Each structure stands twice: as structure tokens, then as C-alpha cells.
Amino acid sequence: MTTQPILFTPDEIVQLRQEVGRETLMGQAIAKNIAVTDAFMSLPLEVPGHGDGGSYEHNRHKDNYTYMNLAGRLFVITQEQKYADFVIALLEEYADKYLELGFQVQKNTNPTGRIFHQILNEHGWLLFTSIAYSCVSSQMTEAQRQRIIDRVFMPMIEMSTEKYAHRFDHIHNHGVWAVAAVGACAVAIGKPEYLDMAVYGKNRAECSGFLDQVSNLFAPSGYYLEGPYYSRFTIRPLVLLAEIIHRHMPAVDIYNYKQGVVGNTVQALLATAYPNGVFPAMNDASQSMSIADAGVQVAVSIYGAHYALDDNILGMAKIQGGVWMHPCGLQVSRAYEKAASEREIGLPYWPSMELSEGPNGDQGAQGFVRMQDKSGDVSQLVMNYGMHGMGHGHFDTLGITLFNRGHEVLREYGFGRWVNVEPKFGGRYLPENPSYARQTVAHNSVTIDQTCQNYFDVERADSVHGLPHFFQVDDENIKGMSAFANHHYDGFAMQRSVFLLNLDELEAPLLIDLYRLEGEGEHQYDYSHQYSGQIIRTNFAYETFKEVNTLGDDAGYQHLWKMAAGQANDTALVSWLQDNSYNTWLGTSSNNNGEVIFTRSGANDPSFNLRSEPAFMLRSHGESTLFASVLETHGYFNEEFEQSVNARGQVSNIRVIGHNEVGSAVEITTQRSVVTLLVSNQAHVTENTVNELTINEQTFNWTGYYSVKVNTQSQEII
């Protein structure tokens, strides 16, 4: 049985000890962890009984493992006996009570543990507590060690690998937590057979274990199929177990496994974040999770130590304000200290990136396009054209979000859940999560005939994916991406092409959005936009309803109040104020029979579980159609000083010239320019493809994926 810390060598401990009291990132991390751990240690020891998610009992068990993990590492670094005594005393309390607690009553689909309401949290406890135990076991008697192993650790391992073996071998974020917990504990208590099981699975002939999980959950690009929120959740056990494997099973060569998928995963997660560090709420997700998350800090330190210590990683450490209290974090801290002595460390700026999906990278992708304006503000456009995302997936392939000036302009609802708010359905997913938050109409996409994509059939949705068309981001004046989704509605093909365009006369990059649908017969198309703020003006008359009704009976429509509506057979304009900025949207349909409907979420919501949020949609009827729109961010408003600048913007119109199987043509008019955009609709287009589009006896020719021409006073400038 080992009595050595599983994540430190003696030489590394000496180097970390030298950071105590220094004003480095590592020194600050140690000082912060000493302060919070000492404060918690001043409280009486307590091992409570059962409790729901978010309850006092739940939070106390979570605090216990959090501070045992910190105290164990602080003992190694500072050699102060009080930290070891705290961990040992608390572990002995668990040894007294753990087996007496019994398994909690199951209240949802997740199996329960003895400590927590679901086994997932139990695995978190085992992972972090095993690391703490390894740091202080040298200070325990053999009898103490054996008692904790027999009454806590081995029952937990057996629970994970036998009672809940189906979860242990699950290719899912829960499975990653399970194998990481068992693997860490196996090394801490000297049971290498369980580390082998964690890495390779209970049955090597089947798809299970850590190596299969990172091979199937993560694309070669590093993108995690459940989205950034769950990637952020999964990244911590993933990189912790990777570091344990690196140190205790070096032959696996884990950091080079599958073309460096561990490093790719960290980089892909960081590259999805908005400029303010918050992750887009793709699939079931919070709107507020950011790179400040403790697991992301661990991941940044491990990436910096094993892959690259570039300016983006140093900038990320600057935003996080610290590093992981570990030798990997020390490497990042030292690199930051050296670089900071030579120059100012800037904030990270991730380039535009297309992240492929699927184990082989051939099941669609997620696109992240970034463009900087003259003021230095970064606009970020996100489009989903990948996989469904298993049980946490939303049904909004080809959905988009747009971020600039510190907030989402086209917003993502995220999940219907109040995490750890026990009175709200125990902190679990609310009934409105499937009935609204996951429905297509809740996102910035097109809903056909008031039905959800894939008809809300998860199995069907998991069997299809988007088809990337092009991703072009080399031109500083225009960046764009396009994709198809041809199997998400029966009998329909869909294509969306979105661009950010820089024009000298505009304050921010202009979003151009072309959404094309092909189908037979008469259908209803609802082109939705989720926003936040106050409507300022429109260019069409609309009726507001004194008595409001729901927009429909199912597929999320039952949760939308129909607040107002108006005919907009030409180009519709909707402008709103969000914080200090104006946004003006202009949109049209090739069917020329549009109606704009203003909605607000919250209908059929007796427990007030939904957030009350506004949206508007352009509704059109017909067969094949092309929606074309632009969104301009402009102006400034300051209520305190009663200032308002450029409240109307510069874009005045967008019209559809035409579209067919070859391409789509639209014209955008501003105060100074006329922009003609031509986009290829041919699935196998390349940069050398010659396109010829004839519309109403007018012929357009261009080579490649798209063509954009900007004419000002008859002078072409792009």
C-alpha cells in the first residue's frame, strides 16, 4: 500500500513549497486556498445524513470533499500538521457512518449513493477524497488506513464497479466521473487492478473504460458532443485521471493518445467561450458557466504543462487569476511570471474555429466565427451543425447565437433547471426543459409546421447530423460558414449560410443570415429570434393583444404567449435596445407573405419555472423558401446622461434576388453602399467551383463558395 501523494513527487513538493508567500499566480493560489480552508476547518466536523440535491446535507458533503482535497495538498506543500489532522479526522467520521447510511431513495433516473442523491456526486466525493487521502496517509497508522479502506473506499469502488457497473462502463460524462474516481482511489489505496479496469474497462472486449470514453465522447478536434457546458463538467475528471495515468501508467502515453485528444479537448473547450469568458449555452446548459470554473482552471494548468504555454494559455490564467495548486500549475505560473516581466500579458483571443464532431470527426461540426471591430470589440457568431448531443441534446440543428458588446444579441435559452435550488423540483431538470427549452422554437432557427426537429425523437436525432458546407474565415472583411441539415424534418432539406461583414460605415460587423428550405406542398415556416431588451421601433403596423393566447398546443408553442402580430410582406424591421446598444434586424422571405409575431415565454407554466423572455418570428407560408436577414449592432444610449447616438443605424433594406439549387442571391442596402451576396447551394462546391446562377433572365457568375461585392457610389470596393 502506497503512502505517497498520487499527484506529486518529492522534488515537485520542494518546488511548490518555495512558492509559499510569493506574489506569483501559484503563491496567490496557495494563499487563497489557505484562507478558505482555514475558515472551513474552524467549523465543527460534521458528516450529515441524506439530503436532496442542493439541500444542506448535499452541500455539506460537497464542502467536506472540497476542503479535504485542498487540505491534503496544503499539508504536502506547507507541512502544517493541522491540515493532515483535519483530513484524517473527517475520514474517520465517514468510516463511522458511511456504511450505516444506506442508499438514498431514488427520485430520478440516476441511481443513488449513500452520501448523495445520485451516484454521480458520490464519484466526485471519491475522486477528490482519494487525492486528499493519498496526501495524508503517511500520517496515519496502518489500522487507521485499513479501516478507512474497508469501510469507505472499497465499498465505494465495489458500488461503482459491481452494483452500478452499467454506469461505470457508460460512454457518457457520468462514466468519465466513475472511472476517474475509481482510478484515483485505486492508486491511493494500492489496488492497481482497479486502475487497469478504469483505463480499459471491466471487459476489454467491449466499449468501456477511459480510453474508449475519450475516443467516443470527443471528436479528434476535441469537441464534446454534449456541448461546452458538459465539456466543462467532464473536463475535470478527464484531466485528473489523465494526469494519474501519466504518472502511474506511463506506457499508455495518455497525452499523445488518439492524436492528443486530451489536449485537443481542453483547447476546444476554451475556444468555444465568448469574449467575456462565458460558454455558449448549447444543449442543456447554464447561461452563466465560464472559464472561471475550477475544473477549467485545472485543465488550463495541465494543458500548459503538457502541450503548449502560448499567450492564449497565459491570458487564460490571467483571467482566472490563479492556477491549479499542483506542479502543472507551477509550470504555468513560472511561465506567466517570466512573460509578465518582459511584457503586458493580453487577454486570450481565440481564432475562428470549426470543431468537427463524432469519434472520427465526420459527423458534422460546430462553427465559431469571430471578428473584431474598429473599437476592438469582438463579435462571435456560433452555429450548430453537428450531432444531437445524446440525452442532453437540443433539437435546433442550424441554430445560431450572436455575441458582441459584452452580451448575447441573439440569445440561447439554455436549460430549464435551477441547479441545486432544492425547492425547484429538487434542483433537477424541470418538466419545461423538454416541453420548451429543448424544442426548436426556443432557439434561433426555423420551425416547420409547428413541429420540433426530429419530432423530439432522441433516438432518431442521434442517428443524423448536420453536413458542413463551407467554413471561410481568412478574409478580414467577411467571414462565414454554411451547412445543410437534410434529415431533420421528413421531406425537407435545409441550408443555412451566415456571415460577419465589416463595412467602414458600420460600427460593428454586420450579421448576414440566409436560411433556405426545400419542400413540397404548402407549409408554415417560423423563423425565430430570441432577444433581450426593449423594442424601439418597427417599419410595419402590428396589433398588441389585450387578451393573450398561446401560439400553439405543443412543441414549445404552448409555452409562448402571442403578444402582438403584424403583416410584413416586404422587408420587416425590428429594432431593440439592449443595455447601452441598439440592434436592428431586417428580414424577408422569398414567399413575400410574411407575418411578424412577437412572443413571450411563460404560458402553461403553473410553477413559474420558465424565465419570461421575449422573442419574435417571421412566419411565412409556401413550398421552398429563402429567409434572408441582417442584424446591425449600432449606436449608444446612456440613460443617466440622457445620451442617444445613432439610434437608427445604417442598413435600410435587404431583398432576395432569387434562389435555386445552384445558389442564392441577396442585395443589402445601407446609407452608403449596396452589397450583393451570392452563395453556392451546391453540396460539393469547392473553392474552384464555377457557379452560374440565372434569376429572372439575370445571370450571376462567381467561383468558389460565395461572392460578395460592395458598391459605393458605383465604385466596387470589395
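Note that the structure is a prediction, hence the values are computed from the model and not measured. Note that residues are indexed from 1 along each chain, following the sequence as it is written. For a predicted model such as this one, the threshold for reporting local features is a pLDDT of at least 70, and the threshold for listing and counting side-chain atom pairs is 80 or more; totals across whole chains, interfaces and linings nevertheless cover every residue. Derived side-chain values reflect all non-hydrogen atoms in the structure, with water molecules and hydrogen atoms excluded from consideration.

Quick notes on the packing of aromatic side chains
- In this scheme Phe, Tyr and Trp rings, the latter by its six-membered ring, pair at centre separations within 6.5 Å, and the angle between planes marks the pair as stacked below 30 degrees, edge-to-face above 60, and tilted otherwise. Inspection of every chain in the model, using the stated rule, returns 36 aromatic pairs.
- Centroid distance Tyr-133 to Phe-153: 5.1 Å. Interplanar angle 75 degrees. Geometry classified as edge-to-face. With Tyr-133 in helix α5 (residues 119-136) and Phe-153 in helix α6 (residues 142-163), this pair connects stretches of sequence that are 20 residues apart. For the pair Tyr-133 and Phe-153, one class covers both residues: buried.
- Note on Phe-499 and Tyr-706: the rings are 5.1 Å apart at their centroids and 70 degrees apart in plane angle, and the pair reads as edge-to-face. Here the residue Phe-499 occupies a position in strand β9 (residues 493-501), and Tyr-706 occupies one in strand β27 (residues 706-712), the gap between them amounting to 207 residues. Like Tyr-706, Phe-499 is buried.
- We call a charge positioned over a ring when the NZ of a Lys or the CZ of an Arg lies within 6 Å of the ring centre and within 35 degrees of the ring normal. The lysine or arginine in question, Lys-163, covers the ring of Phe-103, its NZ or CZ lying 4.7 Å from the ring centre.
- It is Arg-611 that lies over the ring of Tyr-413; its NZ or CZ is 4.0 Å from the centre. By definition, any uninterrupted DSSP run of H or I lasting at least four residues is a helix, any uninterrupted run of E lasting at least two residues is a strand, and each is numbered from the N terminus. Exposure classes here rest on a 1.4 Å probe applied to the protein chains alone. A residue is buried below 20% of its type maximum, exposed above 50%, and partly exposed in between.

Quick look at the pattern of salt bridges
- The rule for a salt bridge is simple: a side-chain nitrogen of Lys or Arg has to be within 4 Å of a carboxyl oxygen of Asp or Glu. Counted by the stated rule, this structure contains 24 salt bridges.
- We note a salt bridge from Glu-46 to Arg-60, for which the minimum N-O separation is 3.7 Å. Residue Glu-46 is found in the loop between α2 (25-41) and α3 (56-78), and its partner Arg-60 is found in helix α3; the two are separated by 14 residues along the sequence.
- With relative accessibility at 8%, the residue Arg-60 sits in the buried group.
- The partner of Glu-142 in a salt bridge is Arg-145, and the shortest N-O contact between them spans 3.0 Å. Residue Glu-142 and its partner Arg-145 are both found in helix α6; the two are separated by three residues, about one turn of the helix.

Section: the domain arrangement of the chain
- An automatic or database domain assignment provides the domain bounds reported here. For the chain, the domain assignment lists domain 1 (44-217) and domain 2 (353-712).
- Contact with domain 1, which involves 13 residues of that partner, is made by seven residues of domain 2.
- Between domain 1 and domain 2 the total buried area reaches about 780 Å² when both faces are included, carbon and sulfur atoms providing 49% of it.
- Along the contact surface separating domain 1 from domain 2 lie zero salt bridges.
- Among the elements that line the side of domain 1 that touches domain 2, the one with the most residues is helix α10 (residues 209-217), at three residues.
- Following the grouping adopted for this structure description, the nonpolar residues are Ala, Val, Leu, Ile, Met, Phe, Trp, Tyr, Cys and Pro, the charged ones are Asp, Glu, Lys and Arg, and the polar ones are all others, Gly among them. A class-by-class count of the residues in the side of domain 1 that touches domain 2 yields two nonpolar, nine polar and two charged. Contacts are assigned to residue pairs with any non-hydrogen atoms lying within 4.5 Å of each other. Computed with a 1.4 Å rolling probe, the buried area is the accessible surface lost when two parts are put together, summed over both parts.

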